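This is what each chain is made of:
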Amino acid sequence: MKNVLVVGSGISGMGAIKLGIHYNYNMRLTTLSSIDEVEKNTLTSLGVDIEEGRHSINDVNWANIIVKSPGVPSNIPLIDAARDSAIPIISEIEFAYRHTESTIIAITGTNGKTTTSHLIYHILKDNGFDVALVGNIGTSFSEQLVCRPADFYVVEISSFQLEDIVDFKPNISVILNIQPDHLDRYNNNFEKYIKTKMKIQVNQDNADSFIYHGDDLNIAPFLSAIKANKYSFSNSTNRSNNHGAFLDGDRIIINTIQNKFTMTIHNLALQGTHNIYNSMAASIAASNLGIQKEIIKKSLSNFKGVEHRLEFVGKISGVNFINDSKATNCNSVYYALDSITDPVIWICGGVDKGNDYSILKDLVASKVKTIIILGRDIKDIHINFKNCVNTIVNVDTMDQAVNKSFSLADSGDTVLLSPACASFDLFQNYEERGRVFKNNVLSI
């Protein structure tokens, strides 16, 4: 029987605990956080040893394997000790993978992975597939295996979750783009971040499919070594001879072994350049699963969107409010600003993950009339945009941010929450930040 030590008690860690219990493994949990008393009593009654408030290195030699939660850094003493003792360290995604033989569609990318994961799930669901949506998206892969196994899993995967994969081999992998993000985690080494993202396909072979952004120069150097069947999506008709998808004027052309069809971008439920790419990637994945083109086109046109991603909240006295709380890096903000034609009052700020704000300067200068900064890291925002807009205001709460934005807005303006930063200074996560924003808007 395996001795499994789970490090971290977030969604991934608790999911791994539940999966381990299901398979009658000896389970231990070590976490710096506090666990809800009811849940702790339940786990203890099931034989799980729990350590709160610290990570004891003594647990290392007990373990046959360690499941490290994505939020746990790779350089803590417990993990270093495990490496020194040659104890295998895996991610929760890897742990779940080893306990299923279902078809896996895995999606990563700096931006767009949540929307694309939801799109693929929506298309499969519309076609009657027994499918679950898991990973970096709300429900852990491991917990889903216990609560309701499915024949198909659409798995959104972050770079943190990819760090500790070993054998993980999706049937279809998708990389939407790779841009600088989370550089604080990778010692400001962009190359480390790129290589971590590319691990999504490292175990694939010629029975599998790899879908990628054909115009992304950070992906291109890896292509020759990839063994899976490659499908690119691109805005260039020069790629029209490749299997995949490309943009020709206002038409998307899908060209795979299984399908060939055209769809006008005006029929897509999600508008904006980035969502055209997301729709292309989802179409290729669905085609490779044998879904008919009529269903793909219908699903892309009736998709309802994703909460906290360019989510329309309401219109008050002619002022639009948009919740883009999931935009935790500059590239996401770029897509948001690029998709809005109205004058913008931009709410941003939080915990800076190593942002390069320079990519936003031209867009901010042309579209943003006022910047409202909410959160800890404000200095770089002031420095980068002081010559781009006339007004920059610091606030302490989301309530202040919303009310100040509304007081400065004219009819026809858009108030955009698109923070470019993580939320952990003031909120538990980007979801809480988005919900608080929406509640404040609806309270005006």
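Provided above is the structure to which this section pertains.
Since this is a predicted model, take the numbers as computed values, not measurements.

So, how was this worked out
- Residues numbered from 1 in each chain as written.
- Predicted model: local features only at pLDDT ≥ 70, side-chain atom pairs only at ≥ 80, totals over all residues.
- Heavy atoms only, no water.
- Helix = DSSP H or I, 4+ residues; strand = E, 2+ residues; numbered from the N terminus.
- Buried < 20%, exposed > 50% of the residue type's maximum accessible area, 1.4 Å probe, protein only.
- Expected span 1.5 Å × (residues − 1).
- Pairing = 2+ DSSP bridges.
- Axes fitted to C-alpha atoms, helices over the stretch in contact; angles between N-to-C directions.
- 1 Å grid on protein atoms, 1.4 Å probe; cavity = no way out; pocket = protein on both sides within 12 Å on 5 of 7 lines; lining within 4 Å.
- Points joined across faces, edges and corners; volume = space filled by probe spheres on them.

**Things to note about unusual backbone geometry**
Phi is positive for His308, which is not a glycine, with a value near 75 degrees. Along the polypeptide, His308 turns up in the loop between helix H10 (293-302) and strand E15 (311-316). On the basis of relative accessibility, which here comes to 3%, the residue His308 falls in the buried class. In this structure, Leu310 is a non-glycine residue whose phi angle is positive, near 45 degrees. Position of Leu310 relative to the elements: it lies in the loop between H10 and E15.

**Remarks on helix H1 (residues 11-22)**
An ideal rise of 1.5 Å per residue puts 16 Å on twelve residues; H1 measures up with 17 Å between its terminal C-alpha atoms. Listed in full, the buried residues belonging to H1 are Ser12, Gly13, Met14, Gly15, Ala16, Ile17, Leu19 and Gly20. Where H1 ends, the next residue or the one after it, Asn24, has phi of about 60 degrees, a positive value.

**Description of the sheet that holds strand E4 (residues 65-68)**
Neighbouring strands of a sheet are bound in pairs by backbone hydrogen bonds; such pairs are parallel or else antiparallel. Read from one edge to the other, the open sheet built from five strands follows the order E3-E2-E1-E4-E5, with strand pairing classed as parallel. This sheet does not close on itself; its edge strands, each paired only once, are strand E3 (49-52) and strand E5 (89-91). With direction set aside, neighbouring strand axes in the sheet form an average angle of 20 degrees. Pairing analysis gives five bridges linking strand E1 (residues 3-7) to strand E2 (residues 26-31), with the strands arranged parallel. The residue bridging Val7 from the neighbouring strand is Thr30, located in E2.

**Focus: empty space enclosed by the protein**
Scanning all chains against the criterion turns up two cavities of 30 Å³ or more. Considered as a void within the structure, the largest cavity measures approximately 130 Å³ in volume. Residue lining of the largest cavity: 15 residues in total, with Asn111, Gly112, His274, Asn278 and Tyr335 positioned closest to the centre. Taken together, the elements giving at least two residues each to the lining of the largest cavity come down to helix H9 (273-288) and helix H11 (330-339). With three residues, the top contributor of residues to the lining of the largest cavity is H9.

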